[in-house]
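# Results of the structural survey
So you can see what is in the structure, the chains are spelled out below.
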Amino acid sequence: MLWLIVLVLLLVVFYKKAIKPLSYWKDRGVPHKKALPLIGNSSVLIFKHKSFLEYVEDIYNEFPNDRYYGLHQFTKPLLCIRDLDLIKRITVKDFDQFIDHNNFIVENVDSLMSKNLVNLKGQTWRDMRATLSPSFTSSKMKSMFLLFSECAQQVVEFFEKKGEDVIQVEMKDLFTRFTNDAIASTAFGFKCDSLTNQTNEFYTMGKKATNFGGSRLLVMSFLGMFPFLQKIIKFDIFPNSVSNFFRRVIKEAIDKRENEGLVRHDMLHLLLEARKGVSVQEEPEVEDTGFATVEESKIHHGKSTKLKLTDEDITAQALIFFFGGFETSATLLSFMAYELALNPDIQERLQAEIDDILNECNGKLTYNALQNMKYMDMVVSETLRKWPPGFQLDRRCVRDYVIEPEKPHEKPVTIEKGMMIIIPAVGIHHDPQHFENPTKFDPERFNDENKVKIKPYSYLPFGSGPRNCIASRFALLETKTLMFHILAKFSMVVIDKTQIPLKLSKARLGLVAEDGTWLGLQPRKK
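Looking at an unreviewed UniProt entry, one finds the protein chain named Cytochrome P450 and attributed to Photinus pyralis. The annotation that UniProt attaches to the protein chain under Cofactor (unreviewed entry) is "heme".

### Overview of the overall build of the protein chain
Scanning the protein chain from N- to C-terminus turns up 20 helices and nine strands. Taking all 526 residues of the protein chain together, 56% fall into the buried category. Counted over contacts in the protein chain with a minimum sequence separation of 6, partners at least 24 positions apart contribute 76%. Of the accessible surface of the protein chain, which amounts to about 24100 Å², a share of 54% is contributed by carbon and sulfur atoms.

### Description of the packing of aromatic side chains
What the rule picks out here adds up to 22 aromatic pairs. Taking 5.8 Å as the distance between ring centres and 45 degrees as the angle between the ring planes, the aromatic pair formed by Tyr-203 and Phe-326 counts as tilted. With Tyr-203 in helix α10 (residues 201–209) and Phe-326 in helix α15 (residues 311–342), this residue pair connects regions lying 123 residues apart in the sequence. The two residues Tyr-203 and Phe-326 agree in class, both being buried. Members of the aromatic cluster, connected to one another through ring pairs, are Phe-202, Tyr-203, Phe-245, Phe-246, Phe-322 and Phe-326. Positioned above the aromatic ring of Phe-435, the side-chain terminus of Arg-385 is 5.6 Å from the ring centre. Here Lys-497 stacks its cationic end above the ring of Trp-518, 3.4 Å away from the centre of that ring.

### Quick look at helix α13 (residues 240–260)
An α-helical segment advances 3.6 residues per turn. Residues three or four places apart therefore align on the same side. With 21 residues, α13 extends 30 Å between its outermost C-alpha atoms, agreeing within 8% with the 30 Å of an ideal straight helix rising 1.5 Å per residue. Listed as buried for α13 are Val-242, Ser-243, Phe-245, Phe-246, Val-249, Ile-250, Ala-253, Ile-254 and Arg-257. The arc that holds every buried residue of α13, seen down its axis, measures 165 degrees, which confines them to one face. Residues Asn-240 and Asn-259 are exposed on α13 and point more than 90 degrees away from its buried face.

### Here's the deal with the pairing of strand β8 (residues 490–493)
Every second residue of β8 is oriented toward a common face, with Phe-490 and Met-492 on one face and Ser-491 and Val-493 on the other, all of them buried. Across four bridges, the pairing between β8 and strand β9 (residues 518–523) is antiparallel. If you follow Ser-491 over to β9, its bridge partner there is Gln-522.

### Comments concerning the environment of Val-44
Note on placement: Val-44 falls in helix α3 (residues 43–46). Note on Val-44: relative accessible area 19%, which makes it buried. Along the backbone, Val-44 and Tyr-55 are eleven residues apart, and their C-alpha atoms lie at a distance of 7.4 Å. Those residues in contact with Val-44 that lie beyond four places of it in its chain are His-49, Lys-50 and Tyr-55.

### Some words on the sheet that holds strand β4 (residues 393–396)
With respect to topology, four strands assemble into an open sheet ordered β1-β2-β7-β4, the strand pairing being mixed. Both outer strands of the open sheet, β1 (68–73) and β4, are each paired with one neighbouring strand and no more. Here the average twist between neighbouring strands, direction ignored, is 30 degrees. Relative to strand β7 (residues 420–423), β4 runs antiparallel, the two being bridged by four bridges.

### Observations regarding the packing of helix α9 (residues 171–188) against helix α20 (residues 472–489)
The geometry of α9 relative to α20 is characterised by a closest axis approach of 11 Å and an angle of 125 degrees between their N-to-C directions. As summarised for this structure, α9 and α20 are arranged oblique, according to the angle between their axes. The handedness of the crossing between α9 and α20 comes out as right-handed. Residues Phe-175, Phe-178, Thr-179, Ala-182, Ile-183 and Thr-186 of α9 form the contact with α20, whose own contacting residues are Phe-474, Glu-478, Leu-482, Met-483 and Ile-486. A per-class count over the contact of α9 with α20 returns eight nonpolar, two polar and one charged.

### As for a nonpolar patch on the surface
Residues Leu-342, Val-494 and Ile-500 make up a contiguous nonpolar surface patch of roughly 230 Å² in combined accessible area. Looking at the element boundaries, Ile-500 is found in the loop between β8 and β9.

### Digging into the sheet that holds β9
Each strand in a sheet pairs with another by means of backbone hydrogen bonds, the pair being arranged parallel or else antiparallel. Taking strand neighbours across the sheet as the criterion, the three strands line up as β3-β9-β8 in an open arrangement whose pairing is antiparallel. Whereas interior strands pair on both sides, the edge strands pair on one side only; in this sheet they are β3 (167–170) and β8. Geometrically, the sheet is characterised by an average inter-axis angle of 35 degrees between neighbouring strands, direction not taken into account. Pairing of β3 with β9, which is carried by four bridges, proceeds in the antiparallel orientation. Bridge pairing in β9 places Ile-167 opposite Leu-521. Packing of α20 onto the sheet brings it into contact with β8 and β9, and relative to β8 it is tilted by some 95 degrees.

### Quick notes on the UniProt feature "binding site: heme" (unreviewed entry) in the protein chain
Mapped onto the present numbering, the UniProt feature "binding site: heme" (unreviewed entry) falls on Cys-469. In this structure, Cys-469 sits in the loop between α19 (425–429) and α20. Overall, Cys-469 belongs to the partly exposed group, its relative accessible area being 32%. Discounting chain neighbours no more than four positions away, the residues touching Cys-469 are Arg-129, Val-294 and Phe-462.

### Some words on the nonpolar core
Side chains of a nonpolar character, in soluble globular proteins, are inclined to be buried together. Core analysis: the largest hydrophobic core is formed by 106 residues, its most contacted members being Phe-175, Phe-188, Leu-350 and Met-483. The greatest single-element share of this core, amounting to 15 residues, is contributed by α15. Counting residues in hydrophobic clusters, the runner-up holds 47 residues, among them Val-56, Tyr-69, Val-426 and Leu-511.

### Considerations on unusual backbone geometry
The step from Ile-500 to Pro-501 runs through a cis peptide bond, and the omega angle for that step is -5 degrees. In this fold, Pro-501 is placed in the loop between β8 and β9. Phi angles above zero are rare outside glycine, and Leu-38 is one such case at about 70 degrees. Here Leu-38 lies in the loop between α2 (24–27) and α3. Leu-38 sits in the partly exposed class, given a relative accessible area of 46%. Residues other than glycine seldom take positive phi values, yet Asn-437 does so here, at roughly 45 degrees. Relative to the helices and strands, Asn-437 is located in the loop between α19 and α20.

Calculation criteria
- Residues numbered from 1 in each chain as written.
- Predicted model: local features only at pLDDT ≥ 70, side-chain atom pairs only at ≥ 80, totals over all residues.
- Heavy atoms only, no water.
- UniProt positions renumbered as here; feature names shortened; annotations may be inferred.
- Helix = DSSP H or I, 4+ residues; strand = E, 2+ residues; numbered from the N terminus.
- Buried < 20%, exposed > 50% of the residue type's maximum accessible area, 1.4 Å probe, protein only.
- Contact = heavy atoms within 4.5 Å.
- Areas by Shrake-Rupley, 256 points an atom, 1.4 Å probe, with all protein chains shown as cover.
- Phe/Tyr/Trp six-rings, centres within 6.5 Å; stacked < 30°, edge-to-face > 60°.
- Lys NZ or Arg CZ within 6 Å of the ring centre and 35° of its normal.
- Expected span 1.5 Å × (residues − 1).
- Arc of directions from axis to C-beta.
- Pairing = 2+ DSSP bridges.
- Axes fitted to C-alpha atoms, helices over the stretch in contact; angles between N-to-C directions.
- Parallel < 35°, antiparallel > 145°, perpendicular 65-115°, else oblique.
- Left-handed = near helix turned anticlockwise from the far one by under 90°.
- Nonpolar A, V, L, I, M, F, W, Y, C, P; charged D, E, K, R; others polar.
- Patch = residues over 30% accessible without salt bridge, like charges linked within 9 Å, V, L, I, M, F, W, Y side chains within 5 Å.
- Salt bridge = Lys/Arg side-chain N within 4 Å of Asp/Glu carboxyl O.
- Core = buried A, V, L, I, M, F, W, Y, C linked by side-chain atoms within 4.5 Å.

This is the structure in structure tokens:
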């Protein structure tokens, strides 16, 4: 008899925890994708049937006539927003009710992850964002330009020395080495040459930090639903070797600057100044870095709020900045190179613009000249539309929020406190209602005549609202600088190892080619 009681109790618990939550959206009259017990809508990712990007886009396309639709991340409901006006309301107008990102990490479990800008919440996030923002103004980018240019010229010289007719290169590997060197130089004052010194510690740690497979993401998502498990197993996002490396590097840099009085106007300097209570005065803005640049919102401190930064806080910001810049900028560069190789007419037009700029500048690129390159900006903007590294945005509701009905079949929907909101940016970017013939790589979408016709909030390569990507200018400048120097000397060409059409990895979290992005670098005729 006892075993029967236990069985009934187990069935009741299973029903309440695994079955009943699946009716959440149906009970509220919200269009939704049917979910499975325990795993929700994640089976495609768990069994690696599709890449993450394709998964997001395919579900978006299942609800063409709806402003929003419901999904389940395991047993937790989340709401996906496809209506542009609703995106504006959530990310801008009513931002204070959606100020936080979704957190996988419980506070005080993984200190470097819980303390970084991406995972900070509320006023603490506002204060940290205000502290870091001066590092990423267009004025600061202008001061960093020469460092970017030096790193890019280093890349070109490396391949020029090879003297081959066509140099076969896996582009993602090349570009992560460049972004590693660019971030190490501009943000932390370290000089690397990751093409010559292939196993330098900065680069190997960057690779470890960004090696996220699909299974690791699923583990993170699962643990995010059960915080007590994180505390029991002490799950860390980054391997200990990565965390300890960055702790050591930042500590050594801080000690050197404080003991020797060194001043270098980078992100680390701003954080050290904030720790002393020194506010950084805003500089006048210079010409911006392109159409895709997101505007920095004015973020105000509370009256009595002061940041009390420890070495751990500073290391957390350094690590997340390195993590973001290392991977996403290299992804943008890889897909831009791929599209140029497959579209030689576009590449030739871009090279013609580069040649004109070099003639105007007497062979030496300047910051202002790079910013005035309209076709370069069009090509970068179109790459971000077709292949957005940040293909899905998220927000977390901090107070109950009601979406009022606008269509006949809709009912009022309450987004409950703590619920995650998803904005499927790649679905919007590939929606023919917003971009005609979306699978075609067409930089003309972003010419002077057409870019003013793009619907607000239909183009989200760096997010939207105050919680957008803080480093959009940084990413755009390093992308344009490197591409300028490479295309001035080489052409990107298709080789036997080039995968056409490109297939995306089903085992990785981000936007990654299944078999690598293999292209040839062919020296241009003088």
